[in-house]
Amino acid sequence: MATAEKGVVLLDFWVSMFGQRCRIALAEKGVEYEYREENVVDHKSPLLLEMNPIHKKIPVLIHDGKPVCESLIIVQYIDEVWTNNPLLPSDPFELAKARFWADFVDKKAITIICCRQ
């Protein structure tokens, strides 16, 4: 994005469903960010290896030079830092339903991906 909010970078791969959830959260919050495409198949960038030295995977959100890794943690971080437009309902029952469906989609997507390999 051309006018990225100061210090917000997303390291991602365009086809990643995990990165997609981060891009959706950033869009819902209206956060401008710099998108950096990572070649996770052939060559991981030095920045990716530095920002996620444990797993060496995308997505990674870099905010003011500090990395946040793992897509669900990134989404929670986005929701907590940018407090406008909460991503989840505040009512405990509605929140439980939202979490149920998010978990359902995650498990179905993983099943589909695993079965294709």
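A quick note: this is a predicted structure, and the numbers were derived from the prediction, not measured. (Residues numbered from 1 in each chain as written. Predicted model: local features only at pLDDT ≥ 70, side-chain atom pairs only at ≥ 80, totals over all residues. Heavy atoms only, no water.)

## Digging into the pattern of salt bridges
Right, on to step 1. By the definition in use, this model includes six salt bridges.
Right, on to step 2. In this structure, Asp12 engages Arg23 in a salt bridge whose closest nitrogen and oxygen atoms are separated by 1.9 Å. Taken as a pair, Asp12 in strand E1 (residues 8–12) and Arg23 in helix H1 (residues 17–29) lie far apart in primary sequence, eleven residues in all.
Right, on to step 3. Asp79 serves as the salt-bridge partner of Lys29, at 2.7 Å between the closest nitrogen and oxygen. Of this pair, Lys29 sits in helix H1 while Asp79 sits in helix H3 (residues 71–81), and the two are 50 residues apart along the sequence.
Right, on to step 4. Given the relative accessible area of 21%, Asp79 is considered partly exposed. (Salt bridge = Lys/Arg side-chain N within 4 Å of Asp/Glu carboxyl O. Helix = DSSP H or I, 4+ residues; strand = E, 2+ residues; numbered from the N terminus. Buried < 20%, exposed > 50% of the residue type's maximum accessible area, 1.4 Å probe, protein only.)

## Here we look at a nonpolar patch on the surface
Right, on to step 1. A contiguous nonpolar patch, built from Phe100, Trp101, Phe104 and Val105 and spanning about 430 Å² of accessible area, is present on the exposed surface.
Right, on to step 2. Within the fold, Trp101 resides in helix H4 (residues 92–116). (Patch = residues over 30% accessible without salt bridge, like charges linked within 9 Å, V, L, I, M, F, W, Y side chains within 5 Å. Areas by Shrake-Rupley, 256 points an atom, 1.4 Å probe, with all protein chains shown as cover.)

## A word on the packing of aromatic side chains
Right, on to step 1. For the structure on display, the rule yields four aromatic pairs.
Right, on to step 2. Between Trp101 and Phe104, the aromatic rings sit 5.3 Å apart at their centres with planes inclined by 80°, giving edge-to-face as the arrangement. Of this pair, Trp101 and Phe104 both sit in helix H4, three residues apart, which is roughly one turn of the helix.
Right, on to step 3. Here a set of aromatic residues connected by ring pairs shows up, and it is made of Phe100, Trp101 and Phe104. (Phe/Tyr/Trp six-rings, centres within 6.5 Å; stacked < 30°, edge-to-face > 60°.)

## Let's talk about the side chain of Asp12
Right, on to step 1. In this structure Asp12 comes out as buried when scored by relative accessible area, which is 0%.
Right, on to step 2. Each residue touching Asp12, except ones within four places of it in the same chain, is listed here: Gly19, Gln20, Arg23, Tyr35, Arg36, Glu37, Glu38, Ile58 and Pro59. (Contact = heavy atoms within 4.5 Å.)

## A few points about H1
Right, on to step 1. In this model H1 runs 19 Å from its N-terminal to its C-terminal C-alpha over 13 residues, within 8% of the 18 Å that 1.5 Å per residue would give.
Right, on to step 2. Among the residues making up H1, those that are buried are Gly19, Arg21, Cys22, Arg23, Ala25, Leu26 and Lys29.
Right, on to step 3. Sitting at the head of H1, Ser16 places a side-chain oxygen 3.2 Å from the backbone nitrogen of Phe18.
Right, on to step 4. Gly30 sits one or two residues past H1 and shows a positive phi near 75°. (Expected span 1.5 Å × (residues − 1). Polar contact = N/O pair within 3.5 Å; in protein donor to acceptor, adjacent residues only side chain to side chain.)

## What to know about the environment of Asn39
Right, on to step 1. Here Asn39 is to be found in the loop between strand E2 (34–37) and helix H2 (46–51).
Right, on to step 2. When its relative accessible area of 33% is taken as the criterion, Asn39 is described as partly exposed.
Right, on to step 3. A sequence separation of 27 residues divides Asn39 from Asp12, and the C-alpha atoms of the two residues are 8.7 Å apart.
Right, on to step 4. Among the polar contacts listed, one links the side chain of Asn39 to the backbone nitrogen of Asp42, at a separation of 2.9 Å.

## Some points on the sheet that holds E2
The strands making up a sheet are joined through hydrogen bonds of the backbone, oriented either antiparallel or parallel.
Right, on to step 1. Reading across the sheet, the four strands line up as E2-E1-E3-E4 and stay open at both edges, with mixed pairing between neighbours. Unpaired on one side and paired on the other, E2 and strand E4 (66–69) mark the two borders of the sheet. Ignoring which end each strand starts from, the neighbouring axes of this sheet average 20° apart.
Right, on to step 2. Relative to E2, E1 runs parallel, the two sharing four bridges. Paired with Leu10 across the two strands is Tyr35, which belongs to E2.
Right, on to step 3. Each of E1, E2 and strand E3 (60–63) is contacted by H1, which is oriented at about 155° to E1, the strand it contacts most. (Pairing = 2+ DSSP bridges. Axes fitted to C-alpha atoms, helices over the stretch in contact; angles between N-to-C directions.)

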